[in-house]
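# Close look at the chain arrangement
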Amino acid sequence: MPDVRLVNVTKKYGKIVAVDNVSLHIYDKEYFSLLGPSGCGKTTLLRLIAGLVHPDEGEIYIGNKLVNDVPPEDRDIGFVFQTFALFPHMNAWDNVTYGPRVKGFNVKKAETIGHEVLEMVKLHQRLDAYPNELSGGMMQRIAVARALAAGAQLLLLDEPLGQLDAKVRNDLRYEIRRMTKDLGLTAIHVTHDQSESMVISDRIAVIKRGRILQVGSPKELYMAPKSIFIAHFIGESNFLEGYVSSINGKQLTIELRGGTEIKVIQQNMRKGEGAVLAIRPETLVVEKGRKKKRNSMLGIIQRTTFEGTNIRYEVKLENQDLVVVVKPSMIEEWLNLGEKVTVNFSPEKIRVFAYPEAGLREELTVE
Amino acid sequence: MPKPRITNTLYELSSKTMIKNTIYIISTIIFFALILLPPILGILIKWNTMQDVFNQPKLVSEALNAIAASFAVAFVVSSVDVIFGVPMAWMITRGKSKWLNVLDTLSDIPFIVPTATLGYSLLLFWSEPGGLSSLFGTPFVSPGWLLIILLHFAFSFPVVVRVMVGALLDYKLEYEQASRTLGAAPLTAARTVTFAILKPSVIASFTLAFARSLSETGATMMVAGVFVNGPIFIKNHINETGALVFVSFILIVLSSLVFVTIRLLGSKLRLPVNKVWPMTERKLSTSAVASSRNSVTLLVFFVVVLVPSLFVAIPAFEAVFAGILPEALSGLGLWGDYWQSMALSYLVGTVVTLLNVVIGLPMAIMIGRKKLGNGLSTIIDMLVNIPIIVPSVALGASLAIFWTENFSFIPEIWLLIFAHLSITYPYFVRSMSAAVERINIDLEEAGKTLGAKPLCIFRTITFPLAKYSMLSGAIMMFTRSVSETGATLVVSNLVTAPVLLVNWVKTGVPTMTLGLGCGFLILFSFIILLILRLVARGRRTY
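## Let's talk about the overall build of chain A
- Looking only at helices and strands, chain A has 10 helices and 20 strands in total.
- Across its three principal axes, chain A shows a C-alpha extent of roughly 75 × 45 × 35 Å.
- For chain A, buried positions account for 53% of its 367 residues.
- Across chain A, every contact between residues at least 6 apart in sequence was considered, and the portion connecting residues at least 24 apart equals 66%.

## Structural notes on the overall build of chain B
- Within chain B, the secondary structure is distributed over 28 helices and 0 strands.
- Taking 542 residues into account, the globule formula puts the C-alpha radius of gyration at 24 Å, and chain B, at 24 Å, falls close to it.
- Relative to its full complement of 542 residues, chain B shows a buried share of 54%.
- When the accessible surface of chain B is summed, it comes to about 23900 Å², and 69% of that surface belongs to carbon and sulfur atoms.
- In chain B, the 38 positive side-chain charges and the 24 negative ones have mean positions that sit 12 Å from each other.

## Some points on the environment of Gly336(B)
Residues and elements named next belong to chain B.
- One can find Gly-336 in helix α20 (residues 334–368).
- Looking at Gly-336, the relative accessible area reads 27%, which means it is partly exposed.
- Each C-alpha atom of the pair Gly-336 and Val-296 lies 45 Å from the other, and the pair is 40 residues apart in sequence.

## Looking at empty space enclosed by the protein
All names here are of chain B.
- The full count for this structure, using the stated rule, is 4 cavities of 30 Å³ or more.
- Taken as a whole, the largest cavity spans an internal volume of roughly 120 Å³.
- Along its surface, the largest cavity is lined by Pro-110, Phe-111, Val-113, Thr-115, Phe-155, Arg-212, Tyr-427, Met-476, Thr-479, Arg-480 and Ser-483.
- Those elements that provide at least two residues to the lining of the largest cavity are α6 (109–112) and α25 (454–483).
- Looking at which element gives the most residues to the lining of the largest cavity, the answer is α25, with 4 residues.
- Class assignment for the residues of the lining of the largest cavity results in 6 nonpolar, 3 polar and 2 charged.

## Quick notes on helix α5 (residues 99–106) of chain B
All names here are of chain B.
- Considered for burial, the residues of α5 that qualify are Leu-100, Leu-103 and Asp-104. Seen along its axis, α5 keeps its buried residues to an arc of 105°; they face one direction. In α5, the exposed positions that point more than 90 degrees away from the buried face belong to Trp-99 and Asn-101.

## What to know about the environment of Leu337(A)
Residues and elements named next belong to chain A.
- Considering the arrangement of structural elements, one finds Leu-337 in the loop between β18 (322–328) and β19 (340–344).
- Taking relative accessible area as the criterion, Leu-337 reaches 59% and is therefore assigned exposed.
- On a C-alpha basis, the gap between Leu-337 and Val-102 in space is 65 Å, while along the polypeptide they are 235 residues apart.
- In this view, Leu-337 contacts Ile-301, Gln-302, Arg-303 and Thr-304; residues no more than four positions away in its chain are not counted.

## Some details on the sheet that holds β19(A)
All names here are of chain A.
- Sheet architecture is open: 5 strands sit in the order β15-β19-β16-β17-β18, paired in antiparallel fashion. Edge strands, defined here as strands with exactly one partner in the open sheet, are β15 (285–288) and β18. Going from strand to strand, the sheet's axes swing by 40° on average, the running direction of each strand aside.
- Bridge count for strand β17 (residues 310–317) against β18 is 7 bridges, and the pairing is antiparallel. When the bridges of β18 are listed, Lys-316 appears paired with Leu-322.

## Quick notes on the layout of surface pockets
Residues and elements named next belong to chain B.
- Within this model, the second largest pocket holds a volume of roughly 1800 Å³.
- Taken together, 45 residues form the lining of the second largest pocket, with Trp-90, Arg-94, Glu-176, Ala-190 and Arg-293 sitting closest to its centre.
- Looking at the lining of the second largest pocket, the elements with two or more residues in it are α4 (57–94), α9 (145–170), α10 (174–181), α11 (186–197), α12 (199–215) and α17 (287–310).
- Considered class by class, the residues forming the lining of the second largest pocket number 27 nonpolar, 10 polar and 8 charged.

## Side note on the domain arrangement of chain A
Residues and elements named next belong to chain A.
- Once the domains are mapped, chain A shows domain 1 (4–231) and domain 2 (236–364).
- Taking only C-alpha atoms into account, the centre of domain 1 sits 39 Å from that of domain 2.
- Counting residues at the interface gives 12 residues for domain 1 and 15 residues for domain 2.
- In total, about 1000 Å² of surface goes out of reach between domain 1 and domain 2, with carbon and sulfur atoms giving 51% of it.
- If you sort the residues of domain 1 by the area they bury against domain 2, Tyr-222, Ile-228 and Ala-231 come out on top, with a joint share of 60%.
- The tally of links between domain 1 and domain 2 comes to 1 salt bridge.
- Close ionic contact of Arg-209 with Glu-362 constitutes a salt bridge, the shortest N to O distance being 3.2 Å.
- For the pair domain 1 and domain 2, the interface holds 7 residue pairs in polar contact (both at pLDDT 80 or more).
- Counting only elements with at least two residues in the side of domain 1 that touches domain 2, the list comes to α8 (218–223) and α9 (228–233).
- Looking at the side of domain 1 that touches domain 2, its residues break down into 8 nonpolar, 1 polar and 3 charged.

## A few points about the interface of chain B and chain A
- On the side of chain A, 27 residues touch chain B, which itself brings 25 residues to the contact.
- Counting each side, the surface lost to burial between chain B and chain A is near 2100 Å², with a carbon and sulfur contribution of 58%.
- Three residues stand out in chain B for area buried against chain A, namely Glu174(B), Thr181(B) and Leu182(B), and they jointly supply 31% of the buried area on that side.
- At the surface where chain B touches chain A, the tally comes to 3 salt bridges.
- A salt bridge links Glu73(A) to Arg180(B); its shortest N-O distance comes to 2.6 Å.
- In terms of residue class, the side of chain B that touches chain A is built from 13 nonpolar, 7 polar and 5 charged.

## A few points about the pattern of salt bridges
- According to the stated counting rule, one finds 29 salt bridges over all chains in the structure shown.
- Ionic pairing is found between Arg303(A) and Glu314(A), a salt bridge with its closest N-O pair at 3.8 Å. Separated by 11 residues along the polypeptide, Arg303(A) in strand β16 (residues 296–306) and Glu314(A) in strand β17 bring together distant segments of the chain.
- Given a relative accessible area of 48%, Arg303(A) falls into the partly exposed group.
- Classification of Glu314(A) by relative accessible area gives buried; the value is 18%.
- Between Arg162(B) and Asp104(B) there is a salt bridge, and its shortest N-O distance comes to 2.9 Å. Here Arg162(B) is found in helix α9, whereas its partner Asp104(B) is found in helix α5, with 58 residues between them in sequence.
- We classify Arg162(B) as partly exposed; its relative accessible area is 24%.

Here is what the cut-offs are and how they apply
- Residues numbered from 1 in each chain as written.
- Chains lettered and ligands numbered in written order.
- Predicted model: local features only at pLDDT ≥ 70, side-chain atom pairs only at ≥ 80, totals over all residues.
- Heavy atoms only, no water.
- Helix = DSSP H or I, 4+ residues; strand = E, 2+ residues; numbered from the N terminus.
- Buried < 20%, exposed > 50% of the residue type's maximum accessible area, 1.4 Å probe, protein only.
- Contact = heavy atoms within 4.5 Å.
- Rg over C-alpha atoms; globule rule 2.2 N^0.38 Å.
- Areas by Shrake-Rupley, 256 points an atom, 1.4 Å probe, with all protein chains shown as cover.
- Lys, Arg positive; Asp, Glu negative; His and termini not counted.
- Charge placed at Lys NZ, Arg CZ, Asp CG, Glu CD.
- 1 Å grid on protein atoms, 1.4 Å probe; cavity = no way out; pocket = protein on both sides within 12 Å on 5 of 7 lines; lining within 4 Å.
- Points joined across faces, edges and corners; volume = space filled by probe spheres on them.
- Nonpolar A, V, L, I, M, F, W, Y, C, P; charged D, E, K, R; others polar.
- Arc of directions from axis to C-beta.
- Pairing = 2+ DSSP bridges.
- Axes fitted to C-alpha atoms, helices over the stretch in contact; angles between N-to-C directions.
- Domains from an automatic or database assignment.
- Buried area = accessible area lost by both parts, 1.4 Å probe.
- Salt bridge = Lys/Arg side-chain N within 4 Å of Asp/Glu carboxyl O.
- Polar contact = N/O pair within 3.5 Å; in protein donor to acceptor, adjacent residues only side chain to side chain.

Structural data, given as structure tokens:
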């Protein structure tokens, strides 16, 4: 069955290294996402797996078969393109049954498969429609149906929801996952949208500048990011700069700008070392008034934004750092602009990273 | 830097609807009055002379045979063009070797060799003792229908390659990749997806090659021997107005019918994309088969197109070593007339190119942006093609009749310019209107919302994005004008370089002198083309 293994794979375009010595194992029947900012090499990685581009170095296995020299048509894959790439001169039916036809299935079998997949994507009524007569959502369904009809066990999806509006996108992402799970397929899904990858994937690989930074379940990546970039790219984080002022067993004291001290749990840091605290906005507790205590800082509400489910506060701390705090809008009492507040930190929910050599700004750069 | 007042004034004027409409109307009037109607009216004026032909059944039968021969040659040539031109374009666009750029440039060579010279070159290569015949003792291919087919193939092959290279470069590769990921072998993907989508370009390339073959006269005369096709018949009966009108009329009507049919039915033509032979096509997609296909394509290109086209240059080298060069450069004897004719050719080429850019640009925008609505724009688009399909010698004769009978005061040089305007106009308008159509209208509208006036939008947005196509159109016009022979021969007594070379051939001027004459013409055209290409490539393309 199709698990996919990449061993030290590198792909260069001239001087640009699009994929840099990547090794990865995607398990059979897994829904796997390649997540990263634009230009990070995730689409190149997917195209390498599809055989649409060839690696300069390294090996790619589908199942147990080395496929470096196997052309795309012999890799037994289904590929859904970002632009759908539905053949404009064929109607929906001809598009969907193209795979079975070019693979030499007999007419009856091709038609049976065609009906099955169109049933699955609920587009039986638009068999005769040409791509330019279909909405974005319909085109996307036909593109998925076409990839499934080819009988592949490995489905490759290149930003398949990127061109759809928000509502359709939300509906279709659950539908695609359901279909692949029902059919027992392995799926590799490329996206730059972290919320999409979180809800759809069993595991995610976060990629930056051609390298894989971390592979893990959505929960692992969110709860335990291994780098400042992942803490920034997956979900949202506040970053506060300081240094390790004292160490007491596993407990570190980080002195922030302005002298405020925060106690956190962390190993592998040395006294005097520069540190960056990554704090999720929803883990901060903000209360009215100034009540200076341990692991807290005073501040003023500088901006409030109502987001529907949540209300979002930007708080200017006493040391001039800015933090974002997010609270459920229907539950908590709202705070006012300019209101003096106390922000409380929960040490067990703070991640501490060594200060990056290239600087925090560079580390957070997405492009 | 503040804009000069004159520019501002022009920008302001360009936003006035009346000014815009006036420009479009003038452009349309010029198209009808100068480009389209004179060649047609020239024939219609002499309509009654056709009676003379009907009284001579033998002449009618000869004329009809000649027309049938023209269509047969054009059909065979353009089919073979597509068979070899499409793989060549595929190799140029899909191959990875850096040498393919050179191959791409080489494929343009027959464009820049004046057609009469090309005809002579092929004659030397295939038939004369100095060419292939020296290997076999007897003429390898004697003048006649086969040599005409070889000639027409040589000059129309680049048309197909040029059109298909452009189409394949514009083509969205994802369709083909999608097909491959669905299990299609490379040949299946190309057949069922790529060329099914590019069908309009394949048809367009076939049509252009067909038209070029139908209308070519100058070179055909050199290699025809006793074979008579439409243009040769007209040339042979140039003094018999009735015969000339009769054949021209039938050629125009039949070719228009063919093109309208292709245009209307081409889009409905179903290519066999549903049936697939997976195993056979897989075998035909192997790299060994692809290499064989490339080798055959290259062999055909070099042996049938490139080497015969440049064969005329070989005596030019001999002439240089034989000491004829100083004599040629000093303008002594024959060479005085030669340089005069060269100057005339390049002068006419330049004037015609500039005039057509000015009068063709508004028409190209009108067609590209469908300013007259869908229906009318399509009709105008079709009418623009007509001057390409009229045999150049018939067009020249018809123009001569029209202008000399109605406007006898017009100097001969202007007749020549008018004839060349008619012949070259479609190349520019075709190329430019397609480029305008490709530019997303949103970009121009973005310019409008930012406060730019129409002329400013053209100068700063449309022109930079379409300049390569504009240049291609200009190059085609210029080379076509400089190499034009058929119409030039009949429209005036002025001697351009191709006409002079035809005369040299007829009067038996020594091969080395003739070779050197042709060599100069090719060299200068090549240099001009190279400079224009470098200018276009030196700037950024989008």
